[in-house]
Amino acid sequence: MSDTLLTNLEAGVLSLTFNRPQKKNAFTGEMYDAAARALVEADTNDAVRVVVLTGSGGAFTAGNDLKDFLEHPPSGEDSAVFRFLRALAHHSRPVVAGVDGVAVGIGTTLLLHCDYVVASERATFSMPFVNLGLSPEGASSVLLPRVAGLALASELLMFGEPFDAATALRAGIVNQVVPEASLAEVVQKRAAALAAKPVESLRLTKRLLREPLRATVDDALSREGALFVQRLGSAEAREAFNAFLSKKK
């Protein structure tokens, strides 16, 4: 589908691998579009029983590629990033994620829509929206307090500081933490175990688990998305982005 999103379907498991290792798999608009299309197509493909999300080169994803984001900012709900989030939030198949290295911004918030998340011991997470003059996205303002509790969710979103896999486990963002060398094997085994189960029973179970919050999540995605787009044009965001890019140079 795209050089920056590798796809592989085997034994009912569709693996989607974020593939910009030289940029720690930072998302571009092209990657969001490819991932959104892959998820939508997978949801109508009877051969797909489980979806797995991973990153290449020892990183999950560094979040948005800020240069690409500034040059091609999302302008509304039909933007690729929001189509990707909706496709993930509405996916009927179980979604498993394997997180190694960095998971920044949407790299962390997308995990809240996955059904089973395995992280390596060296994985690090962060949601630095406030630090960039932005606001939370991915329905994290609703889902994170639900799984982590209000106190920890407030700490992680307001300070925007990196946190380790043990904290992600305590926050309910991940299900399991394993040594780096075991990550791929554990993810594969967990995905295969789900793929071997009765298909319709599994989908109904996911629907029953997710349906009570469906309207709330959809509303949060819309409200957060509108505020996020507004914040991108703010003086605070421009100043924070320029400072980040200057420091990077």
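This section reports on the structure supplied with the text. Remember, predicted model here, so these are calculated numbers, not experimental data.

**Side note on the environment of Phe-125**
Move 1: Following the sequence through the fold, Phe-125 ends up in strand S7 (residues 124-126).
Move 2: Placed 31 residues apart in sequence, Phe-125 and Leu-156 show a C-alpha to C-alpha distance of 9.6 Å.
Move 3: Not counting residues within four places of it along the chain, the set of residues in contact with Phe-125 comprises Val-99, Ala-103, Thr-108, Leu-111, Ala-119, Glu-161, Pro-162, Phe-163, Asp-164, Ala-165, Ala-168 and Val-174.

**Considerations on the pairing of strand S1 (residues 5-10)**
Both faces of the sheet carry side chains from a regular strand, because those side chains alternate between them.
Move 1: With six bridges connecting them, S1 and strand S2 (residues 13-18) associate as antiparallel partners. Each bridged residue has a counterpart across the sheet, and for Asn-8 the counterpart in S2 is Ser-15.
Move 2: Linking S1 to S2, which pair antiparallel, is a turn of two residues; within it Ala-11 sits at a positive phi near 55°.

**Digging into the pairing of S2**
Move 1: Burial of S2 is extensive: five of the six residues sit out of reach of the surface.
Move 2: In terms of strand pairing, S2 meets strand S3 (residues 50-55) through six bridges, oriented parallel. Across the sheet, residue Leu-14 finds its bridge partner in S3, namely Val-51.
Move 3: As a crossover connection, the stretch from S2 through helix H1 (residues 29-42) into S3 is right-handed.

**Concerning the packing of aromatic side chains**
Move 1: Applying the stated rule across the entire model yields seven aromatic pairs.
Move 2: A centroid spacing of 6.0 Å and a plane angle of 70° characterise the contact between Phe-69 and Phe-228, whose relative ring orientation is edge-to-face. Pair noted here: Phe-69 is in helix H2 (residues 66-71) and Phe-228 is in helix H10 (residues 214-232), with a separation of 159 residues, a long-range link. Pair check on accessibility: Phe-69 and Phe-228 agree, each one buried.

**Topic: the pattern of salt bridges**
Move 1: By the definition in use, this model includes 13 salt bridges.
Move 2: For Asp-33, the salt bridge identified is with Arg-37, shortest N-O distance 3.0 Å. Of this pair, Asp-33 and Arg-37 are both found in helix H1, four residues apart, which corresponds to roughly one turn of the helix.
Move 3: Classification of Asp-33 by relative accessible area gives partly exposed; the value is 24%.
Move 4: Overall, Arg-37 belongs to the partly exposed group, its relative accessible area being 35%.
Move 5: A salt bridge links Arg-83 to Asp-33; the shortest N-O distance between them is 3.0 Å. A residue pair is termed long-range when its members are at least 10 positions apart, and Arg-83 in helix H3 (residues 80-89) and Asp-33 in helix H1 qualify at 50 residues.
Move 6: Residues participating in the shared-partner salt-bridge network are Asp-33, Arg-37, Asp-78 and Arg-83.

**Quick word on the nonpolar core**
Move 1: By size, the foremost hydrophobic cluster in this structure holds 67 residues, and its most contacted members are Leu-53, Phe-84, Leu-111 and Phe-125.
Move 2: Counting residues in each nonpolar core, the second largest holds twelve residues, with Val-50, Tyr-116, Val-178 and Leu-183 among its members.

**Thoughts on the environment of Pro-179**
Move 1: Assignment of secondary structure puts Pro-179 in the loop between strand S9 (176-178) and helix H8 (183-195).
Move 2: As for Pro-179 and Asp-100, which are separated by 79 residues in sequence, their C-alpha atoms are 9.8 Å apart.

**Points about the side chain of Arg-93**
Move 1: Positionally, Arg-93 belongs in the loop between H3 and strand S4 (95-99).
Move 2: A relative accessible area of 2% places Arg-93 in the buried class.
Move 3: In terms of polar contacts, Arg-93 uses its side chain to reach the backbone carbonyl oxygen of Asn-45, at 2.9 Å.
Move 4: Residues within four places of Arg-93 in sequence aside, it is in contact with Ala-42, Asp-43, Thr-44, Asn-45, Asp-46, Val-48, Arg-49, Val-50, Asp-115, Arg-203 and Lys-206.

**Let's talk about the sheet that holds S9**
Move 1: One open sheet accounts for six strands, arranged S1-S2-S3-S4-S6-S9; its pairing is mixed. In this open sheet, the two strands that pair with only one neighbour each are S1 and S9. Recorded for the sheet is a direction-independent mean angle of 20° between the axes of neighbouring strands.
Move 2: Strands in contact with H1 are S1, S2 and S3; relative to S2, the strand with the most contacts, it is inclined by about 175°.

Procedures and definitions
Residues numbered from 1 in each chain as written. Predicted model: local features only at pLDDT ≥ 70, side-chain atom pairs only at ≥ 80, totals over all residues. Heavy atoms only, no water. Helix = DSSP H or I, 4+ residues; strand = E, 2+ residues; numbered from the N terminus. Contact = heavy atoms within 4.5 Å. Pairing = 2+ DSSP bridges. Buried < 20%, exposed > 50% of the residue type's maximum accessible area, 1.4 Å probe, protein only. Right-handed = clockwise from strand over helix to strand, strands pointing away. Phe/Tyr/Trp six-rings, centres within 6.5 Å; stacked < 30°, edge-to-face > 60°. Salt bridge = Lys/Arg side-chain N within 4 Å of Asp/Glu carboxyl O. Core = buried A, V, L, I, M, F, W, Y, C linked by side-chain atoms within 4.5 Å. Polar contact = N/O pair within 3.5 Å; in protein donor to acceptor, adjacent residues only side chain to side chain. Axes fitted to C-alpha atoms, helices over the stretch in contact; angles between N-to-C directions.

Everything listed here is a matter of coordinates, which is why it stays silent on function.
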